[in-house]
Amino acid sequence: MKDYSIVISGAAGQGVKTVEEMLVGILKMSGYHIFATKEYESRVRGGTNSTELRISSHRVAAYVQRIDILIPLSKAVFNHLNSRISKETVIFADPSNINSELIKNKNNTHEIPFNNIASEFGSKIYSNVVATGVIVGIFNANPIIAEKYLKERFQKKGEKIITQNILAFNKGFDLGTQMLKDKVIEINLEKNSEVENEILFNGNQAVALGAIAGGCNFISAYPMSPSTGVLQFLAANSNEFEIVVDQAEDEIAAINKTVAAWYAGARAIASTSGGGFALMTEGVSLAGIMESPLVIHIAQRPGPATGLPTRTAQEDLNLALYAGHGEFQRIIFAPGSIQQAFYLTQKAFNLADKFQVPVFVLTDQDFVDAYYNIPSLDISHLQIDKNIVETQDNYQRYKFTESGISPRGVPGFGTGLIRADSDEHDENGHITEDMEYIRPKMMEKRLFKRFDLIQAVAELPTIEGNLDNSVAFLCWGSNYHVVKEAIEKLNDQNISLVHFHQLYPLPAETKKLLQKPKKLVILENNATGQFANILKLHADISIPKEQQFLRYTGKPYSVEEITHIIKKEAN
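Residues numbered from 1 in each chain as written. Predicted model: local features only at pLDDT ≥ 70, side-chain atom pairs only at ≥ 80, totals over all residues. Heavy atoms only, no water.

Within the structure shown, the criterion is met by 4 cavities of 30 Å³ or more. Approximately 170 Å³ is the volume attributed to the largest cavity. If you trace the largest cavity, you find 16 residues lining it, with F35, A61, A62, D366 and S478 closest to the centre. Counting residues per element, the ones that place at least two in the lining of the largest cavity are helix 14 (365-368) and helix 16 (480-490). Of the residues in the lining of the largest cavity, the class split is 11 nonpolar, 4 polar and 1 charged. Of the voids in this model, the second largest cavity is the one considered here, and its volume is about 90 Å³. Along its surface, the second largest cavity is lined by 14 residues, and Y263, M290, R397, R408 and G409 are the ones closest to its centre. Class assignment for the residues of the lining of the second largest cavity results in 8 nonpolar, 2 polar and 4 charged. (1 Å grid on protein atoms, 1.4 Å probe; cavity = no way out; pocket = protein on both sides within 12 Å on 5 of 7 lines; lining within 4 Å. Points joined across faces, edges and corners; volume = space filled by probe spheres on them. Helix = DSSP H or I, 4+ residues; strand = E, 2+ residues; numbered from the N terminus. Nonpolar A, V, L, I, M, F, W, Y, C, P; charged D, E, K, R; others polar.)

The next point concerns the packing of helix 1 (residues 16-29) against helix 5 (residues 143-153). In contact at an axis separation of 9 Å, helix 1 and helix 5 are set at 135° when each is read in the N-to-C sense. Judged on the interaxial angle alone, helix 5 and helix 1 are oblique. Two packed elements cross with a definite hand, and for helix 1 against helix 5 that hand is right-handed. Contact residues: helix 1 offers T18, E21, M22, I26 and M29, while helix 5 offers I145, A146, Y149, L150 and R153. For the contact of helix 1 with helix 5, the residue count by class is 7 nonpolar, 1 polar and 2 charged. (Axes fitted to C-alpha atoms, helices over the stretch in contact; angles between N-to-C directions. Parallel < 35°, antiparallel > 145°, perpendicular 65-115°, else oblique. Left-handed = near helix turned anticlockwise from the far one by under 90°. Contact = heavy atoms within 4.5 Å.)

With that settled, the discussion passes to the nonpolar core. Core analysis: the biggest nonpolar cluster contains 94 residues, and L474, F500, F531 and L535 have the highest contact counts within it. For this core, the element with the highest residue contribution is helix 13 (residues 338-355), accounting for 9 residues. With near-sequence residues (within four places) excluded, L535 lies in contact with L474, F500, L506, T510, L514, I522, D540, I541 and I543. Residues Y4, Y32, I187 and L189 belong to the second largest nonpolar core, which totals 48 residues. (Core = buried A, V, L, I, M, F, W, Y, C linked by side-chain atoms within 4.5 Å. Buried < 20%, exposed > 50% of the residue type's maximum accessible area, 1.4 Å probe, protein only.)

Moving on, we come to the pairing of strand 14 (residues 371-374). Both faces of strand 14 are covered, namely the face carrying Y371 and N373 and the face carrying Y372 and I374. Sheet analysis places strand 2 (residues 33-39) next to strand 14, joined by 2 bridges and oriented antiparallel. Following the sheet pairing, A36 is matched in strand 14 by Y371. One ladder, built from 4 bridges, connects strand 7 (residues 199-202) with strand 14; its direction is antiparallel. Counted as the bridge partner of L200 is N373 from strand 14. (Pairing = 2+ DSSP bridges.)

So, about the sheet that holds strand 14. The 8 strands lie next to each other as 6-5-4-1-3-2-14-7, forming an open sheet whose pairing is mixed. Pairing within the sheet leaves two strands with one partner each, and these edge strands are strand 6 (109-111) and strand 7. Sheet twist, expressed as the mean angle between neighbouring strand axes with direction ignored, is 20°. Of the strands in this sheet, strand 1 (3-12), strand 4 (69-72) and strand 5 (90-93) touch helix 4 (residues 127-138), which is tilted by about 165° from strand 4.

Along the polypeptide, S496 turns up in strand 17 (residues 495-500). A residue is classified by how much of its surface remains accessible, and S496, at 0% relative accessible area, is buried. A polar atom in the side chain of S496 sits 2.8 Å from the side chain of S470. Setting aside anything within four residues of it in sequence, one finds S496 in contact with E464, G465, N466, L467, S470, V471, A472, F473 and I487. (Polar contact = N/O pair within 3.5 Å; in protein donor to acceptor, adjacent residues only side chain to side chain.)

Of the pockets and cavities examined, the largest pocket occupies roughly 860 Å³. Around the largest pocket, the lining is made up of 33 residues, and of these K17, E21, K38, Y40 and D369 lie nearest the centre. The set of elements that each furnish at least two residues to the lining of the largest pocket consists of strand 1, helix 1, strand 2, strand 3 (46-56), helix 7 (203-213) and helix 8 (228-236). The element that contributes the greatest number of residues to the lining of the largest pocket is helix 1, accounting for 5 residues. Tallied by class, residues from the lining of the largest pocket come to 8 nonpolar, 16 polar and 9 charged.

This structure, assessed with the given rule, holds 11 aromatic pairs. Judged by centre distance (6.0 Å) and plane angle (80°), the ring pair of Y32 and F139 falls under edge-to-face. Placement of Y32 in the loop between helix 1 and strand 2 and of F139 in the loop between helix 4 and helix 5 is noted, with a sequence separation of 107 residues between them. Take Y32 and F139: they sit in the same class, and that class is buried. (Phe/Tyr/Trp six-rings, centres within 6.5 Å; stacked < 30°, edge-to-face > 60°.)

The next subject is the packing of helix 10 (residues 251-263) against helix 11 (residues 274-290). In the contact formed by helix 10 and helix 11, the axes pass within 7 Å of each other and the chain directions differ by 25°. Considering their axes alone, helix 10 and helix 11 lie roughly parallel with respect to each other. With respect to the hand of their crossing, helix 10 and helix 11 are arranged in right-handed fashion. Side by side, helix 10 and helix 11 meet where E251, I252, A254, I255, N256, V259 and Y263 of the first sit next to G276, L279, M280, G283, V284, L286, A287 and M290 of the second.

So, to be careful, I would describe these as geometric facts and stop short of saying anything about function.
See the structure below:
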């Protein structure tokens, strides 16, 4: 096998996340390519959560349905994962956690007394560390790396806790290596020493790092899953990068503080999820008439209302596109890879500053909670573009210009007066009700002239394969890697991939590009084909309903499911 899918599953509070965090670091540092994703219920204790790790000799970055190795931490796991467990699934489980009625192949089930072993070291709580040791052992990973990791992770809890964790891990490691020697399981993966020094982080961290690279020095957010990781990362690194971090009292305050920060000359981001952004829309409209730069990260999850707060969706595209009363321009990005999340977020700050419009970065739970390793990011070409002018006594904040971009000053930089308000205004920022001249001219520069400028620098979609007379599979945002892997597996020259990471404005070439394939198929994680509708409205590209595959369960697509769709549609 080229890669193995390992699933660790149990109730919230049993340490599933801890096992994931330990394994991704230890196995990556041992030379394996890693991908990890999780699914969890919206509760602090109980229920059934799981994490999937793909351990590979080549790059992997997508969710698969199959389970090669399962470690259940409770009996409920078997009901929860029944559809994914096959006769080939190898199960390592404590006897108390085995549901014999649901096991499809008892010969592949191996009882390991995780709880009893953990109790030898003081508590059953160490059973997840024993399980970690077993996995590290059967993959012949480096135990020294694991010991170092455990020392760092538990250093605040004292030497006794560190020692017990290391002893529990080593016991599991010995069991794993012995099973490998006894050929209970055979693992044949090549290690790559270059992987050891690669970067490993998730989507939220990539967005946060992109914000830092874009010169972000202010964040205001109210914690809301699955977006909270951006706030946490920037807060953890705020001293080093001189970032003011504001955990706002609510999302309304967060967006208004973000607009105010840009007004004062900061480079600011608001991070939230769909339900939180719903409260922010008036502030977005305020930024529209103020011609204020604005960067907003929305980590999508299924709605309406609270919906499924810990699941994934692509349901907030319409919300970002039409948010805010009145009409004004905006830019919408939806990264499909960790690298894109970094570079597009960095670019979002420059474009917001240059065009004085809101720029959205759309992610989702599937994207922001997933980890995988990548080579180091190239930051040599990145720069922070600032478009603030030093004002003079005759400064006009909303001056009519040929380009449609008014000179932007900030208080305290120059001698000019910086006016801003939510009413329609003249070039000086004075309230006006001149509907014959000023209002049309203001609308022209805020809406039409800016559209032309923004579209001229719009990002082209990522295209893989030859579009000419092919069956082209369209996707956006987090579906990039799963569709890409499925297409690569099929290795059919008549199949191509088109991934959009800029959703609005569409590049002017969109229609011409999408007229090349003989058939278009689109995959989205919403019920109404929101991006398909944008293609129809803004590029005159119509995709028949039977060629739109729309998922709205809260689950991500798997490689197997996409492969099945592609096989069916490509024939």
